[in-house]
Amino acid sequence: MDPRRVAFLDDNEVVRTALAHALAALPEIELVAALEGPAELEQLVSTAPELVLIDFHLLGARGDTFAEVVKTRLPAASIWLMTANPRGIEPSSWTLVEKGELLEALKGWLA
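1. Examining the pattern of salt bridges
What the rule picks out here adds up to 7 salt bridges. Between Lys99 and Asp55 there is a salt bridge whose closest N-O contact spans 3.4 Å. A residue pair is termed long-range when its members are at least 10 positions apart, and Lys99 in the loop between β5 (95-98) and α4 (102-110) and Asp55 in strand β3 (residues 51-55) qualify at 44 residues. The exposure class of Asp55 is buried, given its relative accessible area of 5%. Here the salt bridges share partners, and the residues they tie into one network are Asp10, Asp55 and Lys99.

Spelled out as structure tokens, the structure:
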């Protein structure tokens with residue numbers, strides 16, 4: 001089976017680097033983009049990911065608002081919002097995953 005195509009956006013360079021290394025270590029995943037934020041929308045779209053992980057607290061944009069834009073450009077992609085701190089985040093139609101639980105959630109998505 002071919003690896004599943006995953007992209008993510010996180011404006012924190014340390015988190016971006018760590019998450020890129022963690023995802024690259026999973027043979028079932030092809031990391032197609034590790035991007036900083038909404039300004040890189042065209043690059044994200046060009047990678048045609050199956051799953052897009054978006055930091056809820058992006059610099060200059062809320063992740064849920066940006067997820068709406070991504071969904072219009074990548075309607076077939078699954079979109080998850082990530083956060084290290086879910087306090088104060090209202091429930092929405094998006095899947096919200098705490099960053100500490102992301103790898104477990106990905107294993108479920110891959111199954």
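2. Considering helix α3 (residues 63-73)
Of all the residues in α3, the buried ones are Gly63, Asp64, Phe66, Ala67 and Val70. Taken around the axis of α3, the buried residues stretch over an arc of 150°, which confines them to a single face. Where the residues of α3 are buried, they touch β1 (4-9), α2 (41-46), β3 and β4 (78-83).

3. Let's talk about the nonpolar core
The biggest cluster of nonpolar side chains holds 21 residues, and the ones touching the most others in it are Leu9, Leu44, Val52, Ile54 and Val70. Elements with a contribution of two residues or more to this core: β1, β2 (29-35), α2, β3, α3 and β4. Leu23, Ile29, Trp80 and Leu110 belong to the second-largest nonpolar core, a separate cluster that totals 16 residues.

4. Observations concerning the environment of Leu41
Relative to the helices and strands, Leu41 resides in helix α2. Residues Leu41 and Val69, 28 residues apart in the sequence, show an inter-C-alpha distance of 8.9 Å.

What counts, and where the lines are drawn
- Residues numbered from 1 in each chain as written.
- Predicted model: local features only at pLDDT ≥ 70, side-chain atom pairs only at ≥ 80, totals over all residues.
- Heavy atoms only, no water.
- Salt bridge = Lys/Arg side-chain N within 4 Å of Asp/Glu carboxyl O.
- Helix = DSSP H or I, 4+ residues; strand = E, 2+ residues; numbered from the N terminus.
- Buried < 20%, exposed > 50% of the residue type's maximum accessible area, 1.4 Å probe, protein only.
- Arc of directions from axis to C-beta.
- Contact = heavy atoms within 4.5 Å.
- Core = buried A, V, L, I, M, F, W, Y, C linked by side-chain atoms within 4.5 Å.

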